[in-house]
Each structure stands twice: as C-alpha cells, then as structure tokens.
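Reading the structure
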Amino acid sequence: MKKKAYNVAIAGATGVVGGEFIKILEERGFPVKELTLLASERSAGSSLPFKGKELPVKLLEKETFEGVDIGLFSPGASVSAIYAPVAAKAGCVVIDNTSQFRMDPEIPLVVPEVNPGDIGKYKKRNIIANPNCSTIQMVVALKPIHDKYKIKRIVVSTYQSVSGAGREAMDELSDQVRALYNMRTYEQKVFPHRIAFNCLPQIDSFLDNGYTKEEIKMVNETRKIFGDDSIRVTATTVRVPVFVSHSEAVNVETEKPVDPEDVKALLTKAPGVKVVDDIKKGLYPMPVDAAETDPVYVGRIRRDESIENGLNMWIVSDNLRKGAALNAVQIAELLIRDYL
C-alpha cells in the first residue's frame, strides 16, 4: 500500500543547497511525514525553519538513516562517499547532489524532463545521482532539439555564479567588492584569484589534457543523460562575479537542417523551459531574472551561419534550484509516484 507521507533526511542541511532543499520541499507540498536535518559537528545543534517550526540540526552519523525513506544529499563528495551507501543499505533511497556517483554505471543520472525512465534503475544501489548544475540546465533546453533534429555536437561556454562554490564563495565575492570600493586589502580563500570584477576560466582543478574537471563533467554527464556516446561535446567553464544563476552560450550542430523559429516553438512547449527571446524589445535571459525561480530560460536562438546545420542559444537558470535542489526534489516526486 502506497504511503501518504515519507520520512525525509537532508544531509548537508545548513549549506546553500541544503537550504534550498528545505524551501522547495515546503513550496511544492512534498508529503513529508518527518524531516531530519543533518550536518557536520560545526553546524549540529543549530535549527532551521520548516512549515512554521524550528527543526534541530543533528549530527550526520551512520545511525541517522534508520526509518528514513528518502535522503537528499549535498554534503560534499567525500562525505557522500561514506554516508550514501550506509543510508542506502538502511533502506533509504538517496538522491545525491555531489559528483561522487554521477558516472557510476550502476547509478542513474537523472534530469526529470530528459530521462525520467532511468529513475527505476535506482534499485541496484538505492542511489540516484543529481547531475552537475551546468549540465542540468543545458540538457533540459537541448532535449526537444535532440529529439527532433538529432544533435551531433555541442560547444558550450559557461558563465557560472559563485554560489556554485558554496556560501563561503558568495561571502568572498561580497567581501572583495566592499574592500575594493573602500580601498582596503581583501582575502582570497575560495578562488585562486580575485573574483570581484573579474572572470576566472577555471572551475575545479585542471586535468592532464588541459581541461578542468567541471568541463569534463559536462562532457561525460551530457552523454550519459542522453544515453548517446556519439554526441561530441566540448566545454569551457568560467566563474563570473554573479551571486546566483548560471549562464551558458551553447552552439549545437544537428544531423537534420534546423529551423530557429521551429526551435522556439518546440522550446515554448517544452517542460521546465521558458523562452525569453524578443531582441526588438531587448528581451533575453539574464541571471538576475532567473534567480529564485524554477525554469530554464532560453533566448538568443539563432542560426549558426558558419556551418550547415548549426544553432546558437543562450541558456540561464538558478543553479541552486533547477541546477541542484529542485531537480533532486522533482526526482523524489517521481520516485514516490511511480516506485515507492
């Protein structure tokens, strides 16, 4: 008999994504019977609001998942590596927002608007992986195009907000801006160079091939989500001095001749997508408009005149919501609807 409500645990509850988990569960009316908030020793003992009550933040321990139905994880990859399998063994279905399990062949990597059918594969390990924030918004926008025109190649350049690196990164940007305006010295702790009024063409560490881990994530995750290793993907990921929302300039080459007006019509009907594309009125997606909202915004849709079947577009989304917490909660909604 299907449950009316579920015991949910949030690991990493005091982080920026953890906070979004709590907000989105309440906003969407997820059927929560009991919500358990978990964090490290540094944050345990504090409290956070949920549905008009203050809930205590407990220490993340191996014993904390007994009786938990769904675990929403965003505590960092090394922590998920330890606790997600423990939770899964205790009968909790883990939806993990870290990079730890994304490319594990036994663990589904899911974006509900793109490959919802893969959720059923969770039964092998009781874990579902949430993709990288920059990958999520791109594949949501590209899915209808891929279905109709068959994408052969993707070239993406990202403009990623500092919130993707956590609360300390947001504080660093804020502190540096204030310091520079007041002609004071500033600190660099999170980023390798100054982020205020600057762009850093490095997200995560560099690999031997000259790409960063973030760039390779986009390549590998896109292929896994689409279930198509033939798609050629190349990425350049850049950190920009924006607090929330990632932006992407995306170029695709398709097998079939592609019509920009038809693409606009396709995306207007696509789930999770909002087209903002009226250049005569100066309308196109911007990070400030996407922040604290759910859609993936797409604009500047135009033909790439340098190749036969090419298309350019601009994609923007709140990286903390659709790029992280919202996507995970949407997975949980399908999980309870179709599987639990």
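Let me sum up the structure you'll find in this document. Everything numeric in this text was worked out from a predicted model, so none of it was measured.

1. Thoughts on the packing of helix H1 (residues 16–27) against helix H8 (residues 321–338)
At a closest axis distance of 9 Å, the pairing of H1 and H8 adopts a crossing angle of 50 degrees. By the angle between their axes, H1 is oblique relative to H8. At the point where H1 passes H8, the crossing takes the right-handed sense. Together, Val17, Glu20, Phe21, Lys23, Ile24, Leu25 and Glu27 of H1 and Arg321, Ala324, Ala325, Leu326, Ala328 and Val329 of H8 make up the contact between the two elements. Residue composition of the contact of H1 with H8, by class: 9 nonpolar, no polar and 4 charged.

2. Here we look at the nonpolar core
The biggest cluster of nonpolar side chains holds 51 residues, and the ones touching the most others in it are Leu142, Ile154, Val250, Val298 and Met313. With 8 residues, helix H3 (residues 133–149) is the single largest residue contributor to this core. For Val250, the residues in contact, after removing those within four places along its chain, are Met138, Leu142, Ile154, Val155, Val156, Leu311, Asn312, Met313 and Ile315. With 46 residues, the next largest nonpolar core counts Val16, Ala39, Val244 and Ile331 among its residues.

3. A word on H8
Largest kink in H8: about 35 degrees, centred on Asn327. Across the 18 residues that make up H8, a large majority, 15, are buried.

4. Brief notes about the packing of aromatic side chains
Inspection of every chain in the model, using the stated rule, returns 4 aromatic pairs. Taking 6.0 Å as the distance between ring centres and 75 degrees as the angle between the ring planes, the aromatic pair formed by Tyr122 and Tyr339 counts as edge-to-face. Here Tyr339 lies in the segment after H8 and Tyr122 lies in the loop between strand E6 (93–96) and strand E7 (127–129), a separation of 217 residues in the sequence. Using a relative accessible area of 6% as the deciding quantity, one classes Tyr122 as buried. Relative accessible area serves as the criterion here: at 30%, Tyr339 is assigned to the partly exposed category.

5. With respect to a negative patch on the surface
The grouping of Glu41, Glu61, Glu63 and Glu66 at the surface amounts to a negative patch. Within the secondary structure, Glu61 is located in the loop between strand E4 (53–59) and strand E5 (70–73).

6. Section: the sheet that holds strand E8 (residues 151–160)
The strand order across the open sheet built from 6 strands is E9-E8-E10-E13-E12-E11, with neighbouring strands paired in mixed fashion. The two strands at the open ends of the sheet, each matched to only one other strand, are strand E9 (232–239) and strand E11 (273–275). Direction aside, the axes of adjacent strands within the sheet are offset by 20 degrees on average. One ladder, built from 8 bridges, connects strand E10 (residues 246–254) with strand E13 (residues 310–317); its direction is antiparallel. Each bridged residue has a counterpart across the sheet, and for Ser247 the counterpart in E13 is Val316.

7. Brief notes about the pattern of salt bridges
Here the idea is simple: oppositely charged side chains can pair when their charged atoms come close. Summed over the entire model, instances satisfying the criterion amount to 22 salt bridges. As a salt-bridge pair, Glu187 and Lys189 come within 3.6 Å of each other at their nearest N and O atoms. Judged on exposure class, the residue Glu187 and its partner Lys189 are both exposed. Connected via shared salt-bridge partners are Glu20, Lys23, Glu27, Asp294 and Arg321.

What counts, and at which threshold
Residues numbered from 1 in each chain as written. Predicted model: local features only at pLDDT ≥ 70, side-chain atom pairs only at ≥ 80, totals over all residues. Heavy atoms only, no water. Axes fitted to C-alpha atoms, helices over the stretch in contact; angles between N-to-C directions. Helix = DSSP H or I, 4+ residues; strand = E, 2+ residues; numbered from the N terminus. Parallel < 35°, antiparallel > 145°, perpendicular 65-115°, else oblique. Left-handed = near helix turned anticlockwise from the far one by under 90°. Contact = heavy atoms within 4.5 Å. Nonpolar A, V, L, I, M, F, W, Y, C, P; charged D, E, K, R; others polar. Core = buried A, V, L, I, M, F, W, Y, C linked by side-chain atoms within 4.5 Å. Buried < 20%, exposed > 50% of the residue type's maximum accessible area, 1.4 Å probe, protein only. Bend = angle between axes of the 7 residues up to and from the residue. Phe/Tyr/Trp six-rings, centres within 6.5 Å; stacked < 30°, edge-to-face > 60°. Patch = residues over 30% accessible without salt bridge, like charges linked within 9 Å, V, L, I, M, F, W, Y side chains within 5 Å. Areas by Shrake-Rupley, 256 points an atom, 1.4 Å probe, with all protein chains shown as cover. Salt bridge = Lys/Arg side-chain N within 4 Å of Asp/Glu carboxyl O. Lys, Arg positive; Asp, Glu negative; His and termini not counted. Charge placed at Lys NZ, Arg CZ, Asp CG, Glu CD. Pairing = 2+ DSSP bridges.

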